[in-house]
Amino acid sequence: MITVSAADSFREEATACIVLADGSIFFGRGFGATGTVTAELCFNTAMTGYQEIMTDPSYAEQAVTFTFPHIGNTGANLEDNEAGVPVAKAMIVKWDPTEPSNWRSEDTLSRWLLRNGCLGVGGIDTRRLTRAIRHQGAPHVAISHQPEGDFDIVQLLALARGFPGLAGQDLARQVTCRQAYRWNESRWAWPAGYTRRESAAEGGFRVVAVDYGAKRNILRCLADSGCDVTVVPAESTADEILARSPQGLFLSNGPGDPAATGEYAVPMIRDVLDSSDIPVFGICLGHQMMGLALGARTIKMNHGHHGANHPVKDLETGKVEITSMNHGFAVDSQSLPDGVIETHVSLFDGSNCGLRMRNRPVFSVQYHPEASPGPTDSFYLFTRFVDAMRRAAERDRSRVAAGD
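Residues numbered from 1 in each chain as written. Predicted model: local features only at pLDDT ≥ 70, side-chain atom pairs only at ≥ 80, totals over all residues. Heavy atoms only, no water.

Trainee: Sorry if this is basic, but what is going on with helix α10 (residues 380-402) here?
Mentor: Every α-helix winds through 3.6 residues per turn, so residues three or four apart in the chain are directed the same way. Spanning 23 residues, α10 covers 32 Å between terminal C-alpha atoms, matching the ideal 33 Å at 1.5 Å per step. Lining the buried residues of α10 we find β10 (205-211), α6 (216-224), β11 (227-233), β12 (248-251), β13 (280-283) and β18 (362-365). Directly beyond the C-terminal end of α10, a positive phi value near 80° is found at G403. (Helix = DSSP H or I, 4+ residues; strand = E, 2+ residues; numbered from the N terminus. Expected span 1.5 Å × (residues − 1). Contact = heavy atoms within 4.5 Å.)

Structure (structure tokens):
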């Protein structure tokens, strides 16, 4: 059955159309690129950071509904990209983007989307659409922007119903780097902006970061914390990683079904854990890879967690952190084996948000400490990683001095 949103009464003037797999139709006004895409639909409650969201590789094969209406009012710039170009398929907003009013703006949101081939739809009843997402559980959609307003609804419905979804999909291969590279850019700071550290010359801890779809600001936080970062492709083997003599291993965020990516990522992680005692730190998909490698399971969530105001409780300290999240899968806390401790939980639904190995410097979190919504509630995790590498280095020096 096809159902047209009553709120979208301007059908004759519409230049964009959203068709859900259940037959629901939303008409709106298109901006950005033209064309038709299919995707999994999610909603994000963040009030800021729309450019970072659209360029986050974790949003591969997804379209984002923004619940906050003022999207586009700070424009766009090259510095705020988390990847080279937008990765999300489309953005859906209530109000059409306005002209930007921000001293860092270099372009309008609409032109930025057009230049990068990404669709935008305005004039949508985003509350109604968000309720549909919560009810259906991340529905499959077809989104079309046609300036002439000519839509083949039957075809769009077929496209939405034919979208394969994210379950079983290894999307890390699509967004990972193709060859290893060094990273030395630090976090943005007034007035200099982004700066670079000569990591090798400054004696940083050697960290290999496995790129499942890494956000640039995660790499900046590692560099800012004193790490000499080398980024490697998602399918790198344990031998290739250990050949770089890392003092720490980082597992990045990324898109898709963790069980699918785990087909090659889990054996690598297990081999590293079996062959060395270096600290390991994971974020988001990296957290899910860690959980799988340690013997837990992952599950598909109903509509996932996407936003910048998610409260997470640290079970070991009792503190509550305000966090940024973007994930549609989660580690099943009921499947954590002996020797693996649950460290953090969501205060929204109790889902797992962190774990660590008992008696080893191996830990991970589901949320994004680099996004800093707290603004620094969770930065201690990077410090914890560096401190673990420092203790390991001191232990190694003591062994050498003792002649072990």
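Trainee: What is the right way to read unusual backbone geometry from this model?
Mentor: Note: most peptide bonds trans; most residues except glycine with negative phi. In this model, W190 is joined to P191 through a cis peptide bond whose omega is 0°. Structurally, P191 can be placed in the loop between β9 (181-183) and β10. Notably, S245 is not glycine yet its phi reads approximately 50°, a positive angle. Its location among the elements puts S245 in the loop between α7 (238-242) and β12. In this model, N359 sits at a positive phi of 70°, which is unusual for a non-glycine residue.

Trainee: Help me understand the sheet that holds β9, please; the structure alone is not making it clear to me.
Mentor: Ordered by their spatial adjacency, 10 strands build an open sheet running β9-β11-β10-β12-β13-β18-β17-β16-β14-β15, and the pairing between neighbours is mixed. Edge positions in the sheet fall to β9 and β15 (320-331), since each of these pairs with one other strand and no more. On average, each strand axis in the sheet is inclined to that of its neighbour by 25°, with strand direction left out of account. Where strand β16 (residues 340-346) meets strand β17 (residues 352-357), five bridges bridge the pair, whose relative direction is antiparallel. (Pairing = 2+ DSSP bridges. Axes fitted to C-alpha atoms, helices over the stretch in contact; angles between N-to-C directions.)

Trainee: For this particular structure, what's the right way to read the nonpolar core?
Mentor: Generally speaking, a soluble globular protein has its nonpolar side chains buried in company with each other. Among the nonpolar cores identified, the biggest contains 32 residues, and V210, Y212, L249, L251, M268 and I269 are the most heavily contacted of them. Sorting elements by how many residues they give to this core places helix α8 (residues 258-275) first, with seven residues. Discounting residues that sit within four places of it in the chain, V210 has contacts with V232, P233, A234, I241, L249, F250, L251, S252 and M268. Among the nonpolar cores identified, the runner-up in size contains 30 residues, and W183, C227, F281 and I283 belong to it. (Core = buried A, V, L, I, M, F, W, Y, C linked by side-chain atoms within 4.5 Å. Buried < 20%, exposed > 50% of the residue type's maximum accessible area, 1.4 Å probe, protein only.)

Trainee: Whenever I open this one, the side chain of Q288 confuses me. Can you help?
Mentor: Topologically, Q288 is positioned in helix α9 (residues 285-293). Residues in contact with Q288, not counting those within four places in the same chain, are P258, T298, H327, F329, A330, V331 and Q366.

Trainee: What should I look at first to understand the packing of aromatic side chains in this one?
Mentor: The way to describe two aromatic rings as a pair is by their centre distance and the angle between their planes. Applying the stated criterion across every chain, the model contains seven aromatic pairs. Ring geometry for F281 against F363: centres 4.8 Å apart, planes inclined by 25°, an arrangement best described as stacked. With F281 in strand β13 and F363 in strand β18, this pair connects stretches of sequence that are 82 residues apart. The exposure class of F281 is buried, given its relative accessible area of 0%. Residue classification places F363 among the buried residues on the basis of a relative accessible area of 6%. Note on F281 and F382: the rings are 5.7 Å apart at their centroids and 80° apart in plane angle, and the pair reads as edge-to-face. You can see F281 sitting in strand β13 and its partner F382 sitting in helix α10, a full 101 residues away along the chain. No difference in accessibility class separates F281 from F382, as the two residues are buried. Put simply, the rings of F250, F281, F363, F379, F382 and F385 pair up and form one aromatic cluster. (Phe/Tyr/Trp six-rings, centres within 6.5 Å; stacked < 30°, edge-to-face > 60°.)

Trainee: Can you help me understand the packing of α8 against α9 in this one?
Mentor: Helix packing geometry: the angle between the two helix axes and the distance between the axes. At a closest axis distance of 9 Å, the pairing of α8 and α9 adopts a crossing angle of 65°. By the angle between their axes, α8 is roughly perpendicular relative to α9. For α8 against α9, the interelement crossing comes out right-handed. On the side of α8, the interface is formed by P258, A259, T261, G262, A265, V266, I269 and R270, while α9 contributes L285, Q288, M289, M290, L292 and A293. In the contact of α8 with α9, the residues fall into 10 nonpolar, three polar and one charged. (Parallel < 35°, antiparallel > 145°, perpendicular 65-115°, else oblique. Left-handed = near helix turned anticlockwise from the far one by under 90°. Nonpolar A, V, L, I, M, F, W, Y, C, P; charged D, E, K, R; others polar.)

Just geometry here; none of it tells us what the structure is for.
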